[in-house]
Structures are given as C-alpha cells and as structure tokens.
Amino acid sequence: MTTQNLPPDHRRHDIDALRALAFLFVILYHVGMYYVADWPWHLKSPHAAEWLQWPMRILNLWRMDLVFLISGVSLGFLSRGQGTWGLLRSRGLRLMLPLAFGMAVIVPYQAYAQGVANGLVAPGFGAFLLRYLSMAEPWPKRAFDGAEFGITWNHLWYLPYLFTYTALVALTLPLWNSAAGQWLRRGFNGLRGWKLLLLPVVPLLVFTMLLASRFPPTHNLVRDFHLHSLYFTMFLYGYWMGVDTGVWKELERLRRVSLALAVAVIAIFIALRTGAKGPAAGPLMDTLRMLYLWLAVATILGHGHRHLNRPWPWLRWANESVYPWYVLHQTLIIVGVTALAPLALGPVIEPALLVALTLFGCWALTDGLIRRFNVLRPLFGLKLRRAASAEARPRERGLRSPSPRA
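Residues numbered from 1 in each chain as written. Predicted model: local features only at pLDDT ≥ 70, side-chain atom pairs only at ≥ 80, totals over all residues. Heavy atoms only, no water.

### Some details on the overall build of the chain
For the chain, the count of helices and strands is 17 helices and 0 strands. Along the longest, intermediate and shortest principal axes, the C-alpha atoms of the chain span 70 × 65 × 40 Å. For the chain, the proportion of contacts with a sequence separation of at least 24, taken over those separated by at least 6, is 74%. Put simply, the chain has 40 plus and 19 minus side-chain charges, and the middle of one group is 6 Å from the middle of the other. (Helix = DSSP H or I, 4+ residues; strand = E, 2+ residues; numbered from the N terminus. Contact = heavy atoms within 4.5 Å. Lys, Arg positive; Asp, Glu negative; His and termini not counted. Charge placed at Lys NZ, Arg CZ, Asp CG, Glu CD.)

### Section: helix H7 (residues 158-171)
The terminal C-alpha atoms of H7 lie 20 Å apart, and with 14 residues this matches the ideal 20 Å at 1.5 Å per residue to within 8%. Summarising burial for H7: 10 of the 14 residues are buried, a large majority. Three or more residues of H7 are buried, namely Tyr158, Leu159, Pro160, Tyr161, Leu162, Tyr165, Thr166, Ala167, Val169 and Ala170. Close packing links the buried residues of H7 with helix H1 (13-35), helix H3 (63-78), helix H4 (84-106), helix H8 (173-177), helix H12 (225-241) and helix H16 (315-340). (Expected span 1.5 Å × (residues − 1). Buried < 20%, exposed > 50% of the residue type's maximum accessible area, 1.4 Å probe, protein only.)

### Observations concerning unusual backbone geometry
For Asp38, which is not glycine, the phi dihedral falls at a positive 70°. Residue placement: Asp38 occurs in the loop between H1 and helix H2 (53-60). In this model, His219 sits at a positive phi of 60°, which is unusual for a non-glycine residue. Following the sequence through the fold, His219 ends up in the loop between helix H11 (201-211) and H12. Accessibility expressed as a relative area gives 31% for His219, which makes it partly exposed.

### Quick notes on the environment of Asp244
Structurally, Asp244 is set in the loop between H12 and helix H13 (246-253). Under the relative-accessibility criterion, Asp244 is labelled buried at 1%. Between the C-alpha atoms of Asp244 and Glu50, which are 194 residues apart in sequence, the distance is 43 Å. In this structure the side chain of Asp244 is engaged in a polar contact, spanning 2.9 Å, whose partner is the backbone nitrogen of Gly246. (Polar contact = N/O pair within 3.5 Å; in protein donor to acceptor, adjacent residues only side chain to side chain.)

### Concerning the side chain of Ser321
Tracing the backbone shows Ser321 in helix H16. Its relative accessible area of 2% is what places Ser321 among the buried residues. For Ser321, the side chain forms a polar contact with the main-chain oxygen of Trp317, separated by 2.7 Å. Setting aside residues no more than four positions away along its own chain, Ser321 makes contact with Thr366, Asp367 and Arg371.

### Here's the deal with the nonpolar core
Judged by nonpolar contacts, the single largest core of 120 residues is most densely connected at Phe68, Leu69, Tyr158, Trp294, Val297 and Leu301. What Val297 contacts, discounting residues up to four positions off in sequence, is Trp62, Leu66, Leu69 and Met234. (Core = buried A, V, L, I, M, F, W, Y, C linked by side-chain atoms within 4.5 Å.)

### What to know about the packing of aromatic side chains
Counting across every chain of the model gives 37 aromatic pairs. Each ring, one from Tyr112 and one from Phe125, has its centre 5.3 Å from the other, and the planes form 65°; the classification is edge-to-face. Highlighted residues: Tyr112 in helix H5 (residues 108-117) and Phe125 in helix H6 (residues 125-134), separated in sequence by 13 residues. Residue Phe125 is classed as partly exposed on the basis of its relative accessible area of 29%. A centroid spacing of 5.5 Å and a plane angle of 70° characterise the contact between Trp139 and Phe144, whose relative ring orientation is edge-to-face. Side by side, Trp139 and Phe144 carry an identical accessibility label, which is buried. Three or more aromatic residues link up through ring pairs in this structure, and these residues are Phe23, Phe68, Trp157, Tyr158, Tyr161, Tyr165, Tyr231, Phe232, Phe235 and Tyr326. Taking NZ or CZ as reference, Arg57 lies 4.6 Å from the ring centre of Trp54, over its face. Over the face of the ring belonging to Tyr29 we find Arg63, whose NZ or CZ atom lies 3.7 Å from the ring centre. (Phe/Tyr/Trp six-rings, centres within 6.5 Å; stacked < 30°, edge-to-face > 60°. Lys NZ or Arg CZ within 6 Å of the ring centre and 35° of its normal.)

### Considering the environment of Phe232
Tracing the backbone through its elements, the reader meets Phe232 in helix H12. Leaving out residues up to four positions away in the same chain, Phe232 has contacts with Tyr165, Leu168 and Val169.

### Observations regarding H4
Across its 23 residues, H4 extends 31 Å between first and last C-alpha, which sits within 8% of the 33 Å expected from 1.5 Å per residue. Maximum bend of H4: about 30°, positioned at Gly92. (Bend = angle between axes of the 7 residues up to and from the residue.)

### Quick word on a nonpolar patch on the surface
A surface patch of nonpolar side chains, amounting to about 570 Å² of accessible area, comprises Trp194, Leu198, Leu199, Val202, Val206 and Leu210. When residues of the nonpolar patch are traced back to their parent elements, those giving at least two are helix H10 (194-198) and H11. Looking at the nonpolar patch element by element, the count peaks at 3 residues for H11. Within the fold, Trp194 resides in helix H10. (Patch = residues over 30% accessible without salt bridge, like charges linked within 9 Å, V, L, I, M, F, W, Y side chains within 5 Å. Areas by Shrake-Rupley, 256 points an atom, 1.4 Å probe, with all protein chains shown as cover. Salt bridge = Lys/Arg side-chain N within 4 Å of Asp/Glu carboxyl O.)

### A look at the packing of H12 against helix H15 (residues 283-307)
The interhelical angle for the contact between H12 and H15, taken along N-to-C directions, is 30°, at an axis separation of 13 Å. Classified by the angle between their axes, H12 and H15 sit roughly parallel to one another. With respect to the hand of their crossing, H12 and H15 are arranged in right-handed fashion. Each of Leu230, Met234, Tyr237 and Met241 in H12 lies in contact with H15, whose residues at this interface are Met290, Leu293, Trp294, Val297 and Leu301. (Axes fitted to C-alpha atoms, helices over the stretch in contact; angles between N-to-C directions. Parallel < 35°, antiparallel > 145°, perpendicular 65-115°, else oblique. Left-handed = near helix turned anticlockwise from the far one by under 90°.)

### Things to note about the packing of H3 against H7
Their axes nearest at 11 Å, the elements H3 and H7 cross at an angle of 40°. Looking at the two axes, H3 sits oblique to H7. The element H3 and its partner H7 pack so that their crossing is right-handed. Judged by residue contacts, Met64, Val67, Phe68, Ser71 and Leu75 of H3 engage Tyr158, Tyr161, Leu162, Tyr165, Thr166 and Val169 from H7.

Right under this line is the structure:
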C-alpha cells in the first residue's frame, strides 16, 4: 500500500496537543511518586498508599515511550528542511542549554531537600549550593540521587537522552535518506490492520528479552541499554511516521480495536502479576508488557488524530508552555512538599493542594516571567521573541499607502 507525505506547511495539531497532554501526565505521575508506597523517590509521604502502585504502573508502561515517539515525529518534520549540522546546532542549543541551566539552578533544591530528609546534608541551602556547584568535596553515599557524581540532572534526564537520539539520526541522515532507509520507512508506514498492531512490538520484545534482566533502568546515559533500546526504537517509529498520512489514518481507523486489545492485555497482565505474588518475569510477561505498551500508544495516537487534530484556542499557549513546565515542575513539587508536609493536611487535601500549587507555580513562572524576557527564554527551551517589524506595527492613518507593497 502506498504512503503519502504531508505538505511542507502542514501543522499537526494532534501532535502538539498530545505533547502537552503527555507532559501533563508526567507532572501528575511525579506527584504520585511522592505518595506511592514502596517505590523510591526523592521524598516520600507518610500517607504513601499501596493501591497507587497499579494505576502508576499502568501509566508507567507507556508514558515516556509516547513522549519519545512524539519527539521523533517532531524530528521527522524538522529534518525536512535541515541537514545534519543544522539539526545538531538547533536541537543541541534547545536541549543542552536548558539541561545545563536546569542542573545548575533548577534541580539543586531537589538534591538538597532529599539530602536533608536523609540526614546526610546539613540544613542551609546557600551553603549546599556553593558546595554542589563547585563539586570540590564528595558527598556522603546516598545523600541524594546522583550524589556519587557530585551533581545530578534528576528529572531532566529526558533532555540528554533526546539529544543523543536526535544526534544519532542526524549523523546518519544519508543512511535514512538512502534507498534502503526509504524502503524501511515505507515498510513501517505501509503496515495495515493486524500488522500495524503487532509487528512493531517485535523489536521491543526482542530487546526486552535480551537486555531487561541485565540492564535495569538507571537513567544513567552510558549504561541504560534496555531503556535506550525501547526509547530509541519508539523515537525511530515517530521519525518514520512524522510526514506520512496513511499510517495515521490507519491508526485512527483501528483506534477502537487497539483500545479493546490494550485493555484485555493489561487485564491479563494484572491478573497474572497479582496471582504470581512476586516480580513478573519470563517470556509471557515480557510479551504482555510490550504488547500493552504499543497498543496503548497506538490507541492514544489514533484517538488523538481523530479528536485533537484541529487548531484549539489553547494549543499555541500550551505548545510554548510545555518545555518550561517540564523543566520547573519537579522542583516545584518538592517545594510544595516541604511547605505542606508540616501542616499534616491528610491524604486527600494535601495531594490536591500539591497538584494545584505545582500547576499554579508552573503557570506563574512561565507566563509571568520566562516568556516575557529574551534572556530567560533560551534557558527554558524557548525561541527568542523577535521585536515587531515595521510592517507589523500599526501605521499612522495619514501615512497609509493604498499599495500593499509600499
């Protein structure tokens, strides 16, 4: 079956909307990490609940895979007008500058709060920050996540991962643009029916069977081979799908089937996992996990293409807000936790307030500060705001020319 590319000036509103919604789920997930029992995080609530484990696990099986696929779709659009060095320059600046700024300014409070809570860092954020930035003295073991390196990127790990995948594709653009690369792209985008719902699972399953037991998730860029295999594969799927129309229409057509299958697969997974009363392992459980991952992503993409591919009034604002919100949100969660925990508000009011304070803080800092000043915008992944041109500024009535070219 033939595939068709989108016109160069076409805007995929569903991708913009899904990106914003995916990162909103990331914020809610990280709030949940404070309250879910038995899952390590920087701080843990005295109200930690075991019942949260399954909702969190159901979300965790596909949330970042969806984010990387959407990032691959974006690269598919960007790469049409740029070569290797243009992509590396533009994406490097937009990804690595916020990473460096975030590690130096945004993330340190997370490490400080965790170190104080663990009793391994003395109170006093100013003194902590000086030592943290200088990297002159080693920290006690397990003082905070990343203490062995002296500095940490915590939730910003997504940025170096994304830049690495982008660089791999950019440096091999001649391969992807070759006859063999185009054949591979057409083969993926030409999948229809059951093939589209099952065949993309095969590489994910093979990688999981080979790597999962040997390389547990670490968010260490050098050693995270299993997660790299999954995330980069999903990134490539998105890169191949980006400018094609046929595969998106097919995902939309199959959206109800993929939803039903995803629900059935995760139900079987939960039943077997609960009955096993221990860690799920083996080919069957790996197969169910990877099947659910792809079916859930396919369902979201299909429903998104059906219902979200329109110029929503909030979309332009959300599209520009996503990056600053992502950089800010986890530190704001930690700040909210340290402010609310002494008040002992209970397991209902406290999490509701924590979500509200995090969202309000992201909005206030982004709309009230970051978006307004060009000196801050690149530090949070935003393009510089250009001054209005002479043609864009309103002219005086008496000087208006009847010619639109004057």
